[in-house]
Amino acid sequence: MSLSFETLKRLSFTHSAIYLTLLVVWIVPGLHPLEFVFGMAHGLGWIAMCVLTLAAVRARVIPLRLGIAVAVIGAVGPFVGSYEFVREERRRAAGPPVSTY
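Starting afresh in each chain, residues are numbered from 1 along the sequence in its written order. Whole-chain, interface and lining totals are the exception, using all residues; otherwise, since this is a predicted model, local features are given only for residues with pLDDT of at least 70 and side-chain atom pairs are given and counted only at 80 or more. As a rule here, side-chain values cover all heavy atoms of the structure and leave hydrogens and water aside.

## With respect to empty space enclosed by the protein
In this analysis the probe radius is 1.4 Å and the grid spacing 1 Å, with only protein atoms considered; a cavity is a set of points the probe fits into but cannot get out of, a pocket is an open set with protein on both sides within 12 Å along at least five of seven lines, and lining residues have an atom within 4 Å of a point. Grid points are joined across faces, edges and corners, and a volume is the space filled by probe spheres set on the points. This model, assessed by the stated rule, comprises one cavity of 30 Å³ or more. What lines the largest cavity is Ser-12, His-15, Trp-46, Met-49, Val-70, Gly-74, Pro-78 and Gly-81. In DSSP terms, a helix is any run of H or I states spanning at least four residues, a strand is any run of E spanning at least two, and both are numbered starting from the N terminus. Counting only elements with at least two residues in the lining of the largest cavity, the list comes to α1 (5-27), α2 (34-58) and α4 (78-94). Considering only residue class, the lining of the largest cavity consists of four nonpolar, four polar and no charged. Lys, Arg, Asp and Glu make up the charged group, whereas Ala, Val, Leu, Ile, Met, Phe, Trp, Tyr, Cys and Pro make up the nonpolar group; the residues left over, Gly among them, are polar.

Here you go:
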């Protein structure tokens, strides 16, 4: 059993929002006590995204390229994974590639 593409995309965007919030509380003075909370949420979220994307790649719900973007690059830049979900969604909407033979 695996999650749908749409659910994984939403989780990726949620993870990106958590990471953005972590960056804000790190930069803005006075919000430093929240760093632990959002840091932990980012770390655990990344682990969860790794497990879910691995399962989704194995079930062929998402391509390997997207899984790598989320799992490998997502630790330090979850925005890349969210971008790749948008890119993959556009690729799917365009339909199968047309052969030029």
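Now that the structure is up, let's keep going.
## What about the nonpolar core?
In these notes, a set of buried Ala, Val, Leu, Ile, Met, Phe, Trp, Tyr and Cys residues joined through side-chain atoms within 4.5 Å is what counts as a nonpolar core. Buried residues are those whose accessible area, probed at 1.4 Å on protein chains only, stays under 20% of the maximum for their type, while exposed residues exceed 50% and partly exposed ones sit between those limits. Residues Phe-5, Leu-8, Met-49, Ala-56, Val-61, Ile-62, Leu-66, Val-70 and Phe-85 constitute the largest nonpolar core, which totals nine residues. Residue contacts follow a heavy-atom distance rule, with two residues in contact if any of their heavy atoms lie within 4.5 Å. Excluding residues that lie within four positions of it along the chain, Ile-62 makes contacts with Phe-5, Leu-8, Thr-53, Ala-56, Val-57, Gly-67, Phe-85 and Arg-92.

## Focus on the environment of Arg-65
Tracing the chain through its elements places Arg-65 in helix α3 (residues 64-71). What makes Arg-65 exposed here is its relative accessible area of 51%. Linking Arg-65 and Met-49, residues 16 residues apart in sequence, is a C-alpha distance of 14 Å. Beyond its immediate chain neighbours, meaning those up to four positions away, Arg-65 contacts Glu-84 and Arg-87.

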